[in-house]
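Examination of the molecular architecture
The lines below spell out each chain.
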Amino acid sequence: MKRREYDINIEVNGRRITKVIIDPHYEIKHSKSINDELILSLVKLLDQGIFPVQVRDGDYEYFVTDNLIVNEKAYKLVWLLQDNELYIGVVNAHRRKLK
């Protein structure tokens, strides 16, 4: 399973982002309810947002964003930013109960 890359043009935490790299990890348990197209829709919802870092590990900042809504369904997105890079890495995504 290879990571997949997509072009995007958004701003997150004051940083211009031009690429999304999706780790296929989500497919292990969530392939029936999640796909790359949906993940890209979730990532676009981050545009112009400021998000608190959950964990910092070396050059990487990890984030968890809960209750992102697409088509009246809620999702949780686990993602990262790397210092001095212009991409968002998607670690995982899955459905949540709507709160």
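Conventions and cut-offs
Residues numbered from 1 in each chain as written. Predicted model: local features only at pLDDT ≥ 70, side-chain atom pairs only at ≥ 80, totals over all residues. Heavy atoms only, no water. Core = buried A, V, L, I, M, F, W, Y, C linked by side-chain atoms within 4.5 Å. Buried < 20%, exposed > 50% of the residue type's maximum accessible area, 1.4 Å probe, protein only. Helix = DSSP H or I, 4+ residues; strand = E, 2+ residues; numbered from the N terminus. Contact = heavy atoms within 4.5 Å. Polar contact = N/O pair within 3.5 Å; in protein donor to acceptor, adjacent residues only side chain to side chain. Phe/Tyr/Trp six-rings, centres within 6.5 Å; stacked < 30°, edge-to-face > 60°. Salt bridge = Lys/Arg side-chain N within 4 Å of Asp/Glu carboxyl O.

Focus: the nonpolar core
Core analysis: the biggest nonpolar cluster contains 25 residues, and Val43, Leu77, Trp79 and Ile88 have the highest contact counts within it. For this core, the secondary structure elements donating two or more residues are β1 (4-12), β2 (15-22), α2 (36-44), β4 (60-70), β5 (73-82) and β6 (87-96). Considering each element in turn, this core owes the most residues, 5 residues, to α2. Those residues in contact with valine 43, other than ones at most four positions away along the chain, are Ile8, Ile10, Val20, Leu77, Ile88 and Val90.

A short note on α2
Turning to α2, its buried residues number three or more, namely Asp36, Leu38, Ile39, Leu40, Leu42 and Val43. On its buried side, α2 packs onto β1, β2, β4, β5 and β6. Capping the start of α2, asparagine 35 holds a side-chain oxygen 3.1 Å from the backbone nitrogen of glutamate 37, two or three residues further along.

Some thoughts on unusual backbone geometry
Residue glutamine 48 is not a glycine yet carries a positive backbone phi of 70°. Inspection of the secondary structure puts glutamine 48 in the loop between α2 and β3 (55-57). Looking at glutamine 48, the relative accessible area reads 57%, which means it is exposed.

As for the packing of aromatic side chains
Under the counting rule described, the total for this entry stands at 3 aromatic pairs. Ring plane angle 90° and centroid distance 5.5 Å describe the contact between phenylalanine 51 and tryptophan 79, whose orientation is recorded as edge-to-face. Highlighted residues: phenylalanine 51 in the loop between α2 and β3 and tryptophan 79 in strand β5, separated in sequence by 28 residues. Each member of the pair phenylalanine 51 and tryptophan 79 is classed as buried. Seen from their ring centres, phenylalanine 63 and tryptophan 79 are 4.1 Å apart, and the 10° between their planes marks the pair as stacked. Of the two residues, phenylalanine 63 sits in strand β4 while tryptophan 79 sits in strand β5, which places them 16 residues apart along the sequence. Taking the relative accessible area as the measure of exposure, tryptophan 79 reaches 0% and is therefore buried. Here a set of aromatic residues connected by ring pairs shows up, and it is made of Phe51, Phe63 and Trp79.

Some words on the pattern of salt bridges
Under the defined criterion, the tally for this structure stands at 6 salt bridges. For arginine 4, the salt bridge is made with aspartate 36, and the minimal N-O distance between the two is 2.5 Å. Within this pair, whereas arginine 4 is found in strand β1, its partner aspartate 36 is found in helix α2, the two being separated by 32 residues in sequence. Exposure remark for aspartate 36: the relative accessible area of 11% places this residue in the buried category. For aspartate 66, the salt bridge is made with arginine 96, and the minimal N-O distance between the two is 3.1 Å. Linking aspartate 66 in strand β4 with arginine 96 in strand β6, this pair joins segments that are 30 residues apart in sequence. For aspartate 66, a relative accessible area of 29% translates into the label partly exposed. Connected via shared salt-bridge partners are Arg56, Glu61 and Asp83.

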